Amino acid sequence: MVDEIVTIPIRGQDTPRNNGNGAAHPFTLDRFFAGPENALVEVAIESVLNERASRFNPLLLCGRPGTGKSHLACGMAAQWRRVFRSRVVCVTAREFARELADAFEVNAVVEFRKQYRECSLLTVEDLDKLAGRSAAQVELVYTLDALRDRGSQMVLTAAQPPARLNQLHPTLASRLSEGLVITLSPPGLEVRTNLLQHLARLRRVRMAEPVAHILAEGVTGTVPELFRAFSELELAARLAGGAFDAESARAYLRHRSAAEEPPLSAIAVHTARYFALRLADLRGPSRRRAVVTARDVAMYLARSLTRNSLEQIGHYFGGRDHTTVLHGCRKTGILLKSDPTIQQAVERLGHKWKQAG
């Protein structure tokens, strides 16, 4: 088990993609930082890039946006080209499906298959975007089989492991499970601290380790969120003519926390919409199981994302007392460990405000 930070020299995308907030992210890392939470990454990458005929084939990288799937997939493709000097094809799942449809329309399926089945490495990103596209999924199965027969490597990315991908063809799920499935986690505190120090060196900014630690403790999300926080703090310090020090980091985090905190009404509205309920249901007296579950999720999010007290949360959700709120939050916390439906609800609803912040 890895118990320290491992830095894997692997350059990310040459051209930054849109980060989901309307603007391309300005930073490209020249390495991937893996802590204990992503211990398998180093082994998988070394196998793919050093053995060529990897035992981890296909390699599927899963995780929510910002955990490093694209960084790894694009980095491996670039390094593969440099090391093996052989043909690499990189595509998104949507592009694969669209090109297949175009090929059928113009009677060019043979050419399409030649393009995808005669390369030494194929990367397919955002596999979950193939949901409902049965023809593309079946074609991808045959493509993976053909590539395996010729000894080629396959690297794919998805938001969820195969068993949790909606509308995934059983045969495709089976092929993916025959290789190695790695679920990437957001970086832990030590990794976030190391990332900030590395970024400071790249940006030629003096940042003492205690300052990096303070910022890393306050920004607990994904790498793009961490980079955005660094960039905002750097800009604020330059505009104010002040130092990039511990006090400026604490002041930035206080401001960031206040700006990002969603109102209880927004949490309730989005939760009701997610569970296909009315806002009045969540705030009313209903004890229907579906309503109670949604209400508990909303109160859990309110406690996690805001500084409201249990009493304030209970008052908003129909005048409930603090023990009722605490019980609902604890129940949701237990379900998070075993119920994929609750896991997905909390992840998607919580990520909505993290992206908006």
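Residues numbered from 1 in each chain as written. Predicted model: local features only at pLDDT ≥ 70, side-chain atom pairs only at ≥ 80, totals over all residues. Heavy atoms only, no water.

Draft legend 1. How the structure looks around the overall build of the protein. The number of helices and strands found in the protein is 16 helices and seven strands. Evaluated residue by residue, the protein yields a buried proportion of 47% over its 357 residues. Contacts spanning at least 24 positions in sequence make up 72% of the contacts within the protein whose residues lie at least 6 apart. (Helix = DSSP H or I, 4+ residues; strand = E, 2+ residues; numbered from the N terminus. Buried < 20%, exposed > 50% of the residue type's maximum accessible area, 1.4 Å probe, protein only. Contact = heavy atoms within 4.5 Å.)

Draft legend 2. Expanded view of the pattern of salt bridges. With the rule as written, the count across this model stands at 10 salt bridges. The partner of Arg-148 in a salt bridge is Glu-178, and the shortest N-O contact between them spans 2.8 Å. Of this pair, Arg-148 sits in helix H5 (residues 134-149) while Glu-178 sits in the loop between helix H6 (170-177) and strand E7 (180-183); the two residues are 30 residues apart in sequence, bridging distant segments of the chain. One salt bridge in this structure joins Asp-281 and Arg-278, with 3.1 Å as the shortest N-O distance. Note on Arg-278: relative accessible area 56%, which makes it exposed. Each of Arg-113, Arg-117 and Glu-139 takes part in one network of salt bridges that share partners. (Salt bridge = Lys/Arg side-chain N within 4 Å of Asp/Glu carboxyl O.)

Draft legend 3. Region of interest: helix H3 (residues 93-105). Along its 13 residues, H3 runs 19 Å from first to last C-alpha, staying within 8% of the 18 Å computed at 1.5 Å per residue. All buried positions along H3 are accounted for by Ala-93, Phe-96, Ala-97, Leu-100 and Ala-103. In an axial view of H3, the angular spread of the buried residues amounts to 125 degrees, which keeps them on one side of the axis. In this fold, the buried residues of H3 make contact with strand E4 (88-92), helix H4 (109-117), strand E5 (121-125) and H5. (Expected span 1.5 Å × (residues − 1). Arc of directions from axis to C-beta.)

Draft legend 4. Geometry of the packing of H3 against H5. Where H3 meets H5, the closest approach of the two axes is 10 Å, and the angle between their N-to-C directions is 100 degrees. Comparing their axes, H5 and H3 come out roughly perpendicular. Where H3 approaches H5, its residues Phe-96, Ala-97 and Leu-100 are matched on the opposing element by Ala-135, Ala-136, Glu-139, Leu-140 and Thr-143. A breakdown of the residues in the contact of H3 with H5 according to their chemical character gives six nonpolar, one polar and one charged. (Axes fitted to C-alpha atoms, helices over the stretch in contact; angles between N-to-C directions. Parallel < 35°, antiparallel > 145°, perpendicular 65-115°, else oblique. Nonpolar A, V, L, I, M, F, W, Y, C, P; charged D, E, K, R; others polar.)

Draft legend 5. A look at the layout of surface pockets. Space inside the second largest pocket adds up to approximately 460 Å³. At the level of secondary structure, the elements contributing two or more residues to the lining of the second largest pocket comprise helix H13 (289-305) and helix H16 (340-356). Classifying every residue of the lining of the second largest pocket by side-chain character gives 10 nonpolar, nine polar and four charged. (1 Å grid on protein atoms, 1.4 Å probe; cavity = no way out; pocket = protein on both sides within 12 Å on 5 of 7 lines; lining within 4 Å. Points joined across faces, edges and corners; volume = space filled by probe spheres on them.)

Draft legend 6. Up close: the pairing of E5. Where burial is concerned, most of E5 is hidden: five out of the five residues are buried. Covered by surrounding structure in E5 are Leu-121, Thr-123 and Glu-125 together with Leu-122 and Val-124, the residues of both alternating faces. Where E4 and E5 come together, five bridges link them in parallel fashion. Residue pairing for E5: Val-89 is matched across the bridge by Leu-122. Here four bridges tie E5 to strand E6 (residues 153-158), and the two strands are oriented parallel to one another. Of the residues in E6, the one forming a bridge with Val-124 is Leu-156. Regarding the hand of the β-α-β motif, the stretch spanning E5, H5 and E6 is right-handed. (Pairing = 2+ DSSP bridges. Right-handed = clockwise from strand over helix to strand, strands pointing away.)

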